[in-house]
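Observations on chain architecture
Chain residues, written in single-letter form:
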Amino acid sequence: MKRPNPALWLWYAVGGKLPDRYREWVLHDATVPTWLIRHVLRRLVFMAPILAALYLVLAVMMDFDLMIVLVGLGLGVYAGLYYSLVFSTHSVDSRVTRHGYPDEYASQVRKAMKQVERERYNARWRDDGATSP
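What comes next concerns the included structure. (Residues numbered from 1 in each chain as written. Predicted model: local features only at pLDDT ≥ 70, side-chain atom pairs only at ≥ 80, totals over all residues. Heavy atoms only, no water.)

What about the nonpolar core?
By size, the foremost hydrophobic cluster in this structure holds 13 residues, and its most contacted members are Leu-18, Val-26 and Val-96. Elements supplying a minimum of two residues to this core: α1 (6-13), α2 (23-31) and α5 (88-98). The biggest single contributor to this core is α2, with 4 residues. (Core = buried A, V, L, I, M, F, W, Y, C linked by side-chain atoms within 4.5 Å. Buried < 20%, exposed > 50% of the residue type's maximum accessible area, 1.4 Å probe, protein only. Helix = DSSP H or I, 4+ residues; strand = E, 2+ residues; numbered from the N terminus.)

Written out as structure tokens, the structure is:
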């Protein structure tokens, strides 16, 4: 599996499509146990230039009170991450679909991986080996 270089990763983080040779990495990125943390980091990278521009305009050029600017930017980050998390599954599934996989494939893979882990846990720690609901 080939990982993209930093420039390509930045393109990917802001929503760009990677070349086909990174297709497996995109699926890996969307299905590892830390997929949600990776999604949040991509959104923060997406928001960083916008936040920097707003800071420069409001705090430096317009000389607004620094505390008000920082609180406003903090609330913007909060709202941006909130909506990013609300739509994270759909966003990641769309990203995987854009790279040639079927619709909702990443969610199906994560669900299957979770089921395998649940069965492995139950086989090891449950007396009757029954799966939990």
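Now, onward.
A look at the environment of Leu-10
Mapping Leu-10 onto the fold places it in helix α1. Its relative accessible area of 46% is what places Leu-10 among the partly exposed residues. Separated by 103 residues in the primary sequence, Leu-10 and Met-113 place their C-alpha atoms 28 Å from one another.

With respect to the pattern of salt bridges
Oppositely charged side chains may form a pair once their charged atoms are brought near each other. Per the stated rule, a full pass over the model turns up 4 salt bridges. The partner of Lys-17 in a salt bridge is Asp-20, and the shortest N-O contact between them spans 3.3 Å. For Asp-29, the salt bridge goes to Arg-38, with nearest N and O atoms at 2.8 Å. Residue classification places Asp-29 among the buried positions, given a relative accessible area of 3%. Here the salt bridges do not stand alone but share partners, grouping Asp-29, Arg-38 and Arg-42 into one network. (Salt bridge = Lys/Arg side-chain N within 4 Å of Asp/Glu carboxyl O.)

Quick word on a nonpolar patch on the surface
Taken together, Tyr-55, Leu-56, Val-57, Val-60, Met-61, Met-62, Phe-64, Leu-66 and Leu-70 make up a surface patch of nonpolar side chains, about 850 Å² in accessible area. At the level of elements, α3 (35-61) and α4 (66-86) are the ones that each hand at least two residues to the nonpolar patch. With 5 residues, the single largest contributor to the nonpolar patch is α3. Summarising the element assignment, Phe-64 is placed in the loop between α3 and α4. (Patch = residues over 30% accessible without salt bridge, like charges linked within 9 Å, V, L, I, M, F, W, Y side chains within 5 Å. Areas by Shrake-Rupley, 256 points an atom, 1.4 Å probe, with all protein chains shown as cover.)

Re α2
Listing the buried residues of α2 in full gives Trp-25, Val-26, Leu-27, Asp-29, Ala-30 and Thr-31. On its buried face, α2 sits against α1, α3, α5 and α6 (105-125). (Contact = heavy atoms within 4.5 Å.)

Re the side chain of Ser-88
Of note, Ser-88 is situated in helix α5. Apart from residues lying up to four places away in sequence, Ser-88 is in contact with Trp-35, Leu-36 and His-39.

As far as function goes, none of this settles anything; it's purely spatial.
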